Amino acid sequence: MCEDSTMPTPSVVAVEVLNSKSDGKKYMTSEELQKHNKPNDLWISIQGKVYNVTEWAKIHPGGEIPLMNLAGQDVTDAFIAFHPGTAWQHLNKLFTGYHFKDYQVSEVSKDYRRLASEFAKAGMFEKKGHGVIYSLCFVSLLLSACVYGVLYSSSFWVHMLAGASLGLAWIQIAYLGHDSGHYQMMSTRGWNKFAGIFIGNCITGISIAWWKWTHNAHHIACNSLDYDPDLQHLPMLAVSSRFFNNLTSVFYGRQLTFDRVARFFVSYQHYSYYPIMCVARVNLYLQTILLLLSKRKVPDKGLNILGTLVFWTWFPLLVSCLPNWPERVAFVLVSFCVTGIQHVQFTLNHFAANVYVGPPTGNDWFEKQANGTIDISCSSYMDWFFGGLQFQLEHHLFPRLPRCHLRSISPIVRELCKKHSLQYTSVSFFDANIMTLKTLRNAALQARDLTNPAPQNLLWEAFNTHG
């Protein structure tokens, strides 16, 4: 950290006298804080204190995007959600000497912070249970069955079953990668890094660095059409007609052009939704390759590239062991289609939820998460299948909480939403599919009604790439 990172700018000095109180503290208003919302001048407020995170953002483990999206405002609830208690001690060196004059805590935030404190005191963020061990054993069994079926059987149907086993293994590995990405799966951060790269890059071919980059932005800007990358899938899919206005993706830094190609695909998206989900994995491979080959600063880029090369060594070799090309293609398609179930699940959690345009705000953290998520109700014996992410709101509110606790806190979160008249949506897997298809159909019908579509753009944007 540079020695002058906490020095106030001239504009701040000019108002210092006006905002001083008899208690000797220096105060800053929300209007003044909002001026510090640029990459080279990035300030935030936490618990009534103002911090200069301009230099820290460059080495922030969660990346610059979460800080930039919430720059110039109070971010206390988001900070509590994503950071352990040990992170508070690092704030002192970033303190500007200013206190947030307009600092207020809503009743919802008070209850949310109380819950987070109670969970922390109960040790719930550290108690991970034995789910990781069980999942690793299950994944090992599935991968072994896949390899055995490919190498030691000549039956077509056994080969297809092996492909299905691989797809199911990828689903479970994705849940483990998700856990490690939130720094909750292993006992130390170093082991989490190893686990993320090994099971993510090496076994699935999807970069853990790419996942963190997009996933952190998704959590912070849940269901913002222009800030949340998980909703930006033009020209193949559009969950809202507001995409028809050529929104600019703040995350990707480019316009999401709604051209003739996009209009065609979106017009039939309620029919193409499931087929797209079956091959959605191809997009993730492309995203990984583009990110790792780009000039963007990627944490542990060398390890991510090495891990990805490992995947593209063993996977083609395994497929090549099948006797002919029809079986090889069928094997890959079966594995992708099985994994497509998970892609469907991920979209069910958000596609039919409320959306908005604009940056996220720090003073309605709980409300934004409740409005932008949908829980999937199911029996406890299906928790392994959903990886805990059926409790989507609970996970968004407490992303560091191990999945083994999400079911137990669900009634508490539901009651809190009821107390404050907030939306809590929990539906069956079947009903969530119906809601998602209705959302896609509504946007599709609106797209068909449009005239004078925008000029045609490049078809390769279908892969939702970032350049």
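Residues numbered from 1 in each chain as written. Predicted model: local features only at pLDDT ≥ 70, side-chain atom pairs only at ≥ 80, totals over all residues. Heavy atoms only, no water.

K.L.:
How should the overall build of the protein be read in this particular structure?
P.N.:
Counting its secondary structure elements, the protein contains 19 helices and nine strands. Its C-alpha radius of gyration of 23 Å places the protein within 12% of the 23 Å reference for a compact globule of 467 residues. Over its C-alpha atoms, taken along the principal directions, the protein stretches across nearly 85 × 55 × 45 Å. Burial status across the protein gives 53% buried among its 467 residues. Taking contacts inside the protein between residues at least 6 apart in sequence as the whole, the part at least 24 apart equals 73%. For the protein, the accessible area works out to roughly 21,400 Å², and carbon and sulfur atoms hold 62% of it. Measuring between centres, the 38 positive side-chain charges of the protein sit 3 Å from its 32 negative side-chain charges. (Helix = DSSP H or I, 4+ residues; strand = E, 2+ residues; numbered from the N terminus. Rg over C-alpha atoms; globule rule 2.2 N^0.38 Å. Buried < 20%, exposed > 50% of the residue type's maximum accessible area, 1.4 Å probe, protein only. Contact = heavy atoms within 4.5 Å. Areas by Shrake-Rupley, 256 points an atom, 1.4 Å probe, with all protein chains shown as cover. Lys, Arg positive; Asp, Glu negative; His and termini not counted. Charge placed at Lys NZ, Arg CZ, Asp CG, Glu CD.)

K.L.:
I tried to follow the pairing of strand 3 (residues 41–46) on my own but got confused; where do I start?
P.N.:
Note on strand geometry: in a regular strand, side chains alternate between the two faces of the sheet. Along strand 3, six of the six residues are buried, which leaves the element largely enclosed by surrounding structure. Burial along strand 3 is two-sided: D41, W43 and S45 and L42, I44 and I46, pointing in opposite directions, are all buried. In terms of strand pairing, strand 2 (residues 37–38) meets strand 3 through two bridges, oriented antiparallel. Across the sheet, the residue bridging to N37 is L42, located in strand 3. Counted along the chain from strand 2 to the antiparallel partner strand 3, the turn is two residues long. Bridging between strand 3 and strand 4 (residues 49–52) involves four bridges; their strand directions are antiparallel. Opposite I46, over in strand 4, you have K49 as the bridge partner. Where strand 3 folds back on strand 4, the antiparallel hairpin that results is connected by two residues, among which Q47 adopts a positive phi of roughly 55°. (Pairing = 2+ DSSP bridges.)

K.L.:
Just to check I follow, could you spell out the side chain of N304 for this structure?
P.N.:
For N304, the location among the structural elements is in helix 13 (residues 301–320). Of the polar contacts made by the side chain of N304, one reaches the backbone oxygen of D300; its length is 2.8 Å. (Polar contact = N/O pair within 3.5 Å; in protein donor to acceptor, adjacent residues only side chain to side chain.)

K.L.:
Any chance you could explain the pattern of salt bridges here in plain terms?
P.N.:
In a structure, side chains of opposite charge can pair up when their charged atoms sit close to one another. The tally for this structure, following the rule as stated, stands at ten salt bridges. Across the pair K419 and D111 runs a salt bridge whose closest N-O atoms are separated by 2.8 Å. One end of the pair, K419, is in helix 18 (residues 406–419); the other, D111, is in helix 5 (residues 107–121), with 308 residues separating them in the sequence. For K368, the salt bridge goes to D364, with nearest N and O atoms at 2.7 Å. Several salt bridges share partner residues, and in doing so they unite D111, R114, E118 and K419 into one network. (Salt bridge = Lys/Arg side-chain N within 4 Å of Asp/Glu carboxyl O.)

K.L.:
What is the right way to look at the packing of aromatic side chains in this model?
P.N.:
Here the distance between the centres and the angle between the planes together describe a pair of aromatic rings. Enumeration according to the criterion identifies 32 aromatic pairs in this entry. For the ring pair Y51 and F95, a centre distance of 5.9 Å and an interplane angle of 55° mean the geometry is tilted. A residue pair is termed long-range when its members are at least 10 positions apart, and Y51 in strand 4 and F95 in strand 5 (residues 95–100) qualify at 44 residues. For Y51, a relative accessible area of 5% gives the class buried. For the pair W170 and F336, a centre-to-centre distance of 6.2 Å together with 45° between the ring planes defines the contact as tilted. One end of the pair, W170, is in helix 7 (residues 156–181); the other, F336, is in helix 14 (residues 325–348), and 166 residues separate them in sequence. Of the two residues, W170 and F336, neither departs from the other in class, the shared state being buried. In this structure an aromatic cluster arises from ring pairing among W170, Y285, F311, W312, W314, F315 and F336. The ring of Y98 carries K26 above its face, with NZ or CZ at 4.7 Å from the centroid. The ring of F95 is capped by K49, whose NZ or CZ atom sits 5.1 Å from the centre of that ring. (Phe/Tyr/Trp six-rings, centres within 6.5 Å; stacked < 30°, edge-to-face > 60°. Lys NZ or Arg CZ within 6 Å of the ring centre and 35° of its normal.)

K.L.:
Any chance you could explain the sheet that holds strand 5 here in plain terms?
P.N.:
Across a sheet, paired strands are connected by hydrogen bonds in the backbone, their directions being either parallel or antiparallel. Pairing is mixed in the open sheet, where five strands are placed in the order 1-5-4-3-2. Across the chains shown, the open sheet's two edge strands, defined by having one partner strand only, are strand 1 (26–28) and strand 2.

K.L.:
Teacher, can you tell me more about the nonpolar core here?
P.N.:
One broad trend across soluble globular proteins is that nonpolar side chains are buried collectively. One finds W170, W210, W213, F315 and F331 to be the most contacted residues of the largest nonpolar core, which totals 40 residues. Elements with a minimum of two residues in this core: helix 6 (131–152), helix 7, helix 8 (189–204), helix 9 (208–220), helix 12 (280–293), helix 13 and helix 14. Beyond its immediate stretch of four places on either side in the chain, F315 contacts L166, W170, F331 and V332. Grouped together as the second largest cluster of nonpolar side chains are 39 residues, A81, F125, L401 and Y424 included. (Core = buried A, V, L, I, M, F, W, Y, C linked by side-chain atoms within 4.5 Å.)

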